[in-house]
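# Examining the three-dimensional arrangement
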Amino acid sequence: MRHDVNPVASWYEATAQRDAYPEALGEITADACVIGGGLAGLTTAHELQRRGLSTVLLEGARIGCAASGRNGGFVSNGFALGIDSVEKRVGLAAAQALYGFSKEGTDFVRQTILANQPELIMGHGWRMALRHPDDGGLKAYVDMLNSQFGEQMTYAAPEETRKYLNSARYFHSLSSATAFHIHPLRYALLLGRLAASAGLRIFERSRAQSVSKEGASFVVRTERARITARHIVHCVSALDTGLHRPSGRAILPVATYVAVTEPLQQDSIRTSSAASDTRRAGDYYRLIDEGRLLWGGRITTRVSEPSRLAERMKGDMLSVYPGLGNPRIDYAWAGLMGYAIHKMPLIGRDADGQWFATGFGGHGLNTTAMAGLLISRAIADGDDSYRRFAPFAPDWAFGQLGRLGVQGSYWWMQLRDRIDEAKAPAS
Ligand SMILES: Cc1cc2nc3c(=O)[nH]c(=O)nc-3n(C[C@H](O)[C@H](O)[C@H](O)COP(=O)(O)OP(=O)(O)OC[C@H]3O[C@@H](n4cnc5c(N)ncnc54)[C@H](O)[C@@H]3O)c2cc1C
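## A few points about the overall build of the protein chain
A tally of regular secondary structure across the protein chain gives eleven helices and 17 strands. When its C-alpha atoms are laid out on the principal axes, the protein chain stretches across 70 × 45 × 45 Å. When the 427 residues of the protein chain are sorted by exposure, 58% land in the buried category. Of the contacts made within the protein chain by residues no fewer than 6 positions apart, 76% connect residues no fewer than 24 positions apart. Total accessible area on the protein chain stands at roughly 17100 Å², and carbon and sulfur atoms take up 50% of it. Counting 48 positive and 42 negative side-chain charges, the protein chain places the averaged centre of each group 3 Å from the other.

Right under this line is the structure:
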């Protein structure tokens, strides 16, 4: 299945300046061809080029115009699947190694930004609040992350939580000092510029239509070009699950939403850190330039934007912070994430020799960087660290049935969250 995307009328697009890259035309040869110009494709292509492979990046629309340039902007260690669940599946030592890669992804984003455009970091830290009193589970989780995964999390009582996030909905919280938040679209555009100046050939409006093997090389066809390359890397997330079936059939598209208010004078959110609740499908938000509130939440399996999106998002904000009054919503948009059934990224190589990096879910800012590093090292240097992801190989995601399953499990998660909250004492 294929979904067309175009730059959306988001706050990010309104505050970024795009460079134009040409369409791919005619016969092109390269050592490597990366398909998809989100953060996974941009990082992989840049790293390949830097390692001496002449590389081409094909983007069907504009670079960073999909999830990579529309997301919440929270950069933190870990994966969409909680590390405790990763550990249950692969054991402690393997989980620690995977977590280490995810940290490397976080560091890569931080260092790339600090070395080039430090203003793209918009704040430091991330506080996650429970919407019911802690029964000991959150405290144990913080201790486990700190002792076994080298995190630096702190645990806070309700009074402390509400000093920063002044909502009667919140109780205990955990806070990460190593997380930070960024302007994700400007970061994607920065990667494009750095890669282009390293010699990467970026082509926009150049959708790959097919990939075939011819001798020792692969041939990628777009509407107006034919690209021959020894190495292919698929980084198209949920937007074209038909192009590379072995990874595409394992991906479920999941939509999530963001709204940005007008600049606010308010006393509800008293931190420049990122914030969220800990629900299974919760709210995430942060104050951005001029005191605007950027608010994300909700997931669905529908691809089109729901009606009255801005109103619905405002309703979510006010249910947590009635003190915000009646803010005007200046921007609201949807974005599509790709999830594997097991919620871990799909990183590897198929029997034909084609590479794939997809399925980053709602935790893609560090993990796309991590995947770009792992795959470029594998291709350029023969490093096989990417094989650590073998326990999370692509599994068929059951197509339409899988989407119904995701929607069903979201409703189930919402119901469980409501039951947990209903048990909370009124405060
Ligand atoms: C609203 C929202 C909020 C989020 N918040 C966060 C957050 O705060 N923190 C976090 O870590 N993660 C977050 N995420 C997740 C994160 O944004 C994604 O995991 C990550 O951006 C995925 O990057 P990607 O490169 O795999 O895919 P994408 O960004 O989707 O890029 C794929 C690209 O491939 C191109 N493409 C598709 N088919 C073809 C083809 N045939 N030929 C050429 N090009 C093609 C598309 O045009 C697109 O540009 C959020 C996601 C959304 C949607």
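## Describing the side chain of T55
For T55, the location among the structural elements is in strand 2 (residues 55-58). The class of T55 is buried, set by a relative accessible area of 1%. Each residue touching T55, except ones within four places of it in the same chain, is listed here: A32, V34, A45, L48, Q49, L200 and R201.

## Here's the deal with unusual backbone geometry
With a phi angle near 50°, S237 is a residue other than glycine that sits in the positive phi range. Tracing the sequence through the fold places S237 in the loop between strand 10 (225-234) and helix 8 (245-248). In the Ramachandran plot, K343 falls in the positive-phi region, its phi being about 70° despite a non-glycine side chain.

## Some words on the pattern of salt bridges
Applying the stated rule across the entire model yields 27 salt bridges. A salt bridge links E214 to R221; its shortest N-O distance comes to 3.8 Å. Here E214 falls in the partly exposed class, since its relative accessible area comes to 37%. Of the charged contacts in the structure, one is a salt bridge between R279 and D283, with a shortest N-O distance of 3.0 Å. Given a relative accessible area of 22%, R279 falls into the partly exposed group. Linked by salt bridges that have partners in common, E262, E290, R292, R328 and D330 make up one network.

## Things to note about the side chain of H183
Among the secondary structure elements, H183 is positioned in the loop between strand 6 (173-182) and helix 7 (184-197). A polar contact of 2.9 Å, which involves the side chain of H183, links it to the side chain of T15. The contact partners of H183, leaving out residues within four places of it in the chain, are W11, Y12, T15, A16, L120 and M122.

## Some points on the pairing of strand 17 (residues 355-358)
Side-chain alternation along strand 17 places W355 and A357 on one buried face and F356 and T358 on a second face that is also buried. Pairing of strand 10 with strand 17 involves two bridges; the strand directions are parallel. Within strand 17, the residue paired with H234 across the bridge is F356. The antiparallel hairpin formed by strand 16 (residues 346-349) and strand 17 contains five residues in its connecting segment, where G353 sits at a positive phi of about 100°.

## A few points about the site of the ligand
Around the ligand sit 40 residues in total, of which E59, S68, F74, G361 and L365 are the nearest. Isolated, the ligand exposes 1000 Å² of accessible area, and the fraction of that covered by the protein chains is 98%. At the level of elements, helix 2 (39-50), strand 11 (252-261), strand 15 (329-339) and helix 10 (364-381) are the ones that each hand at least two residues to the shell around the ligand.

## Quick look at the packing of aromatic side chains
Applying the stated criterion across every chain yields a total of twelve aromatic pairs. Measuring from ring centre to ring centre gives 5.7 Å for Y285 and Y321, while their planes differ by 85°; the resulting arrangement is edge-to-face. Of this pair, Y285 sits in strand 13 (residues 284-287) while Y321 sits in the loop between helix 9 (309-320) and strand 15, and the two are 36 residues apart along the sequence. Across the pair, Y321 and Y285 agree in class, each one buried. Three or more aromatic residues link up through ring pairs in this structure, and these residues are Y170, Y285, W295 and Y321. It is K139 that lies over the ring of Y155; its NZ or CZ is 5.8 Å from the centre.

## A look at the nonpolar core
Membership of the largest hydrophobic core comes to 78 residues, with the highest contact counts inside it found for I83, I182, Y187 and F389. A per-element tally of this core places helix 10 first, with nine residues. Listed in part, the 30 residues of the second largest apolar core include Y170, A238, M313 and F356.

Criteria and cut-off values
- Residues numbered from 1 in each chain as written.
- Predicted model: local features only at pLDDT ≥ 70, side-chain atom pairs only at ≥ 80, totals over all residues.
- Heavy atoms only, no water.
- Helix = DSSP H or I, 4+ residues; strand = E, 2+ residues; numbered from the N terminus.
- Buried < 20%, exposed > 50% of the residue type's maximum accessible area, 1.4 Å probe, protein only.
- Contact = heavy atoms within 4.5 Å.
- Areas by Shrake-Rupley, 256 points an atom, 1.4 Å probe, with all protein chains shown as cover.
- Lys, Arg positive; Asp, Glu negative; His and termini not counted.
- Charge placed at Lys NZ, Arg CZ, Asp CG, Glu CD.
- Salt bridge = Lys/Arg side-chain N within 4 Å of Asp/Glu carboxyl O.
- Polar contact = N/O pair within 3.5 Å; in protein donor to acceptor, adjacent residues only side chain to side chain.
- Pairing = 2+ DSSP bridges.
- Near = heavy atom within 4 Å.
- Phe/Tyr/Trp six-rings, centres within 6.5 Å; stacked < 30°, edge-to-face > 60°.
- Lys NZ or Arg CZ within 6 Å of the ring centre and 35° of its normal.
- Core = buried A, V, L, I, M, F, W, Y, C linked by side-chain atoms within 4.5 Å.

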